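The residues making up each chain are set out below.
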Amino acid sequence: MAGPGRGWRPSATLCLAVTALSAALLAPGLTQPHDLSRKRPLGLKIDQALLLVHNELIHENLTVSWLSDYCYQCLHQDLVSVPMSNASGKPSIVAVAVDSQHPITLQLNGSRAGREFPRIHYHFGEFGNYSLVVKSFDSSTKMISCNIIVNESPVNSHLPILYAFLIYMGVLSILTVGHVFVIINPVRNWFYKKLHPRDTDHLINSELGSPTRTDSTSSDVPATTWTISQWRLRSLDTFRGLSLIIMVFVNYGGGKYWFFRHQSWNGLTLADLVFPWFVFIMGTSISLSLNSMLRRGCSKWKVLGKALWRSFLLFLIGVIIINPNYCLGPLSWSNLRIPGVLQRLGFTYLVVAVLELGFAKAVAENDPLQETPYFALRDILLYWPQWVFILTLEAIWLGLTFLLIVPGCPNGYLGPGGIGDFGKYPNCTGGAAGYIDHLLLGEKHIYQHPSSNVLYQTTVAYDPEGILGTINSIFMAFLGLQAGKIFLFYKDQHKKIMSRFFIWSVVMGIISAILTKCSKDEGFIPANKNLWSISYVTTLSCFAFMLLLLIYYLVDVKRCWSGAPFFYPGMNSILVYVGHEVFENYFPFKWKMKDSQSHGEHLAQNLVATSIWVIISYLLYQKRIFWKI
């Protein structure tokens, strides 16, 4: 680090802290949080419970079907068939695994007509042991009694999250106390005397250890962190790094918790937030970087060439290196997935960069338009052609989504297909979005395992990064571009910047509330990550503006947070993203588990792997190594 004063950050001990954190996460308390004296019911997997169905009905077979609360307008699915009890009256018992992620409804039916079976709504606990006892009230009535009995209590599958939270908070507390301790003058001087004995006097006597830019380049002291941050808004890299680290964590599995995985169809989980945020902050960076290059006198053609080259590299890396269809065999044209995360980023970046280049002018330090009537809306009105273009794109998305004729599907279909919509449209997954991808790319060149195939049992391929959804990712990046314009036009006017972020957040939130009717499935256009629906974009941009406001306030205005540890991955985002995908299945990011059906072990492994990438990005930052494309 630079010196004992301003250059010091809690992150100076980051490597040691994360190493200790990794050891703590692997401790038995997190990886084996449950009572070890208990044996898991044989054959059960994560998010399952054991149900013993007791059929005490005489001369009547029993069938049980089930439906998850998270499966919207779905058909009941067969669970188990139980034969009638024998002549002696001994009940017939059949064991079956049931889902414990969400509450489910059990529908019972008998083989005799006229019987009235109740529906049972219940939320089973993971690895719990339950009995469902079905019997008649008496021989003369048609009413059936159904009771669920808890034979063995379920485990608390959320305890590993609590343990991990406490461990991280403990490490944060140690770092904070260490920071406070080290800034005490005698301790600070002794500490840096040991680290830099040749430069101690210089460091202590130069502005409390914060050398000038000239000193840092002319002396033997390595370039300091603040020399980079003074040219950048640290909040942007912190925002980007936060999105990236969450993305890495959920890509590694998120401890196998359903709320750390992508939503099956409509609605949002934590995993559904991060990619749009990454796109948003990419748009913000485009605005700032292009303005910087234009102010330095770079020609628009040169900037366009850089944008084309960067987009091409992102697309190429996504297709060749990070391709989930590798699991289908050696990569070849027959199974090459063309869409993808980096491919969408590359194309979105190109469109938004070209759009900005076409109409942008370098924003001067002293704007001569400050006295004009429309000064307060200059970041919008001066770029009205861009807004016309974006609104035209949205009109195209709406027209294709709701008016395109899709064979075998109703117009404007936004559902998952499969068993959704009561099984009426099993092959209509994604409606127009899915149809366009199949028509232009072919079924084998899109994603083969969409999140909808587990809950909704869809059988057709569907790509969440498909062609039609890219229109709305461009809109998301454009909203980020708008945030960048706010930074440029209101430079150093913190209250105005934050107030405009707040207004944008409220406006986007109101639009989302109207489109979704504040519901998961009942709105005009539900928020849907698979479709990248317009309500999904407005909802996530509402969150993005508010989160950027908060980070900007803490990091760049009050400077009470350096942005660590998220700042460091944010400075090397492409390297971290590509690296975590390429080395996903290699040690130390992955290892053989003792119990592959334990949330605790999965969570520990995923958190350790994610923490290692934080360490790597921190070390690269210290060595001033940044992979830019």
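Residues numbered from 1 in each chain as written. Predicted model: local features only at pLDDT ≥ 70, side-chain atom pairs only at ≥ 80, totals over all residues. Heavy atoms only, no water.

Chemist: Can you break down the overall build of the protein residue by residue, with the values?
Modeler: A count of helices and strands for the protein gives 21 helices and eight strands. Each of the 629 residues in the protein was classed as buried or not, and the buried ones make up 52%. Taking the intrachain contacts of the protein between residues at least 6 apart in sequence as the baseline, contacts between residues at least 24 apart amount to 74%. Carbon and sulfur atoms make up 64% of the accessible area of the protein, which totals about 29200 Å². (Helix = DSSP H or I, 4+ residues; strand = E, 2+ residues; numbered from the N terminus. Buried < 20%, exposed > 50% of the residue type's maximum accessible area, 1.4 Å probe, protein only. Contact = heavy atoms within 4.5 Å. Areas by Shrake-Rupley, 256 points an atom, 1.4 Å probe, with all protein chains shown as cover.)

Chemist: Describe helix α21 (residues 599–622), with residues and values.
Modeler: Between its first and last C-alpha atoms α21 spans 35 Å; for 24 residues at 1.5 Å apiece the expected length is 34 Å, and the two agree. If you check the start of α21, you find a side-chain oxygen 3.2 Å away from the backbone N of Gly-600, and it comes from Ser-598. A positive backbone phi angle near 60° is found at Arg-624, which sits one or two residues after α21. (Expected span 1.5 Å × (residues − 1). Polar contact = N/O pair within 3.5 Å; in protein donor to acceptor, adjacent residues only side chain to side chain.)

Chemist: Break down the packing of helix α8 (residues 234–251) against α21 for me, with residues and values.
Modeler: Taken N-terminus to C-terminus, the directions of α8 and α21 make an angle of 145°; their axes are 9 Å apart at the nearest point. The handedness of the crossing between α8 and α21 comes out as right-handed. Here α8 contributes Arg-234, Ile-245, Val-248 and Phe-249 to the contact with α21, which in turn contributes Leu-603, Asn-606, Leu-607, Thr-610, Trp-613, Val-614 and Tyr-621. Classifying every residue of the contact of α8 with α21 gives eight nonpolar, two polar and one charged. (Axes fitted to C-alpha atoms, helices over the stretch in contact; angles between N-to-C directions. Left-handed = near helix turned anticlockwise from the far one by under 90°. Nonpolar A, V, L, I, M, F, W, Y, C, P; charged D, E, K, R; others polar.)

Chemist: Which residues make up the sheet that holds strand β4 (residues 92–99), and what values do they have?
Modeler: The strand order across the open sheet formed by four strands is β4-β1-β7-β8, and the pairing between neighbours is mixed. Across the chains shown, the open sheet's two edge strands, defined by having one partner strand only, are β4 and β8 (144–152). Averaged over all neighbouring strand pairs, the angle between strand axes comes to 25°, with direction disregarded. Where strand β7 (residues 129–136) lies against β8, eight bridges are found, and the strand directions are antiparallel. Following the sheet pairing, Val-134 is matched in β8 by Cys-146. (Pairing = 2+ DSSP bridges.)

Chemist: Which residues make up the pattern of salt bridges, and what are the values?
Modeler: A side chain of one charge can pair with a side chain of the opposite charge if their charged atoms are brought near each other. Following the criterion strictly, the structure yields seven salt bridges and no others. The closest approach of N and O atoms between Asp-463 and Arg-337, which form a salt bridge, is 2.6 Å. With Asp-463 in the loop between α15 (452–455) and α16 (467–489) and Arg-337 in the loop between α10 (300–321) and α11 (341–359), this residue pair connects regions lying 126 residues apart in the sequence. Residue classification places Asp-463 among the buried residues on the basis of a relative accessible area of 1%. Among the residues examined, Arg-337 registers a relative accessible area of 7% and is labelled buried. Among the salt bridges present, the one from Glu-465 reaches Arg-337, with a minimum N-O distance of 2.9 Å. Pair noted here: Glu-465 is in the loop between α15 and α16 and Arg-337 is in the loop between α10 and α11, with a separation of 128 residues, a long-range link. The pair formed by Glu-465 and Arg-337 is uniform in burial state, with each residue classed as buried. Look at the salt bridges and you will find they share partners, linking Arg-337, Asp-463, Glu-465 and Lys-529 into a network. (Salt bridge = Lys/Arg side-chain N within 4 Å of Asp/Glu carboxyl O.)

Chemist: Outline helix α20 (residues 573–582), supporting the account with residue identities and numerical values.
Modeler: The element α20 is largely enclosed, with a buried count of seven among its 10 residues. Along α20, the residues that are buried comprise Ser-573, Ile-574, Val-576, Tyr-577, Val-578, Gly-579 and His-580. Residues of α20 that are buried in the fold lie against α8, α9 (274–295), α10, α11, α19 (567–571) and α21.

Chemist: Outline the nonpolar core, supporting the account with residue identities and numerical values.
Modeler: The biggest cluster of nonpolar side chains holds 112 residues, and the ones touching the most others in it are Leu-479, Phe-501 and Leu-548. If one sorts the elements of this core by residue count, α16 sits on top with 14 residues. Residues Ala-49, Leu-79, Ile-104 and Cys-146 belong to the second largest nonpolar core, which totals 22 residues. (Core = buried A, V, L, I, M, F, W, Y, C linked by side-chain atoms within 4.5 Å.)

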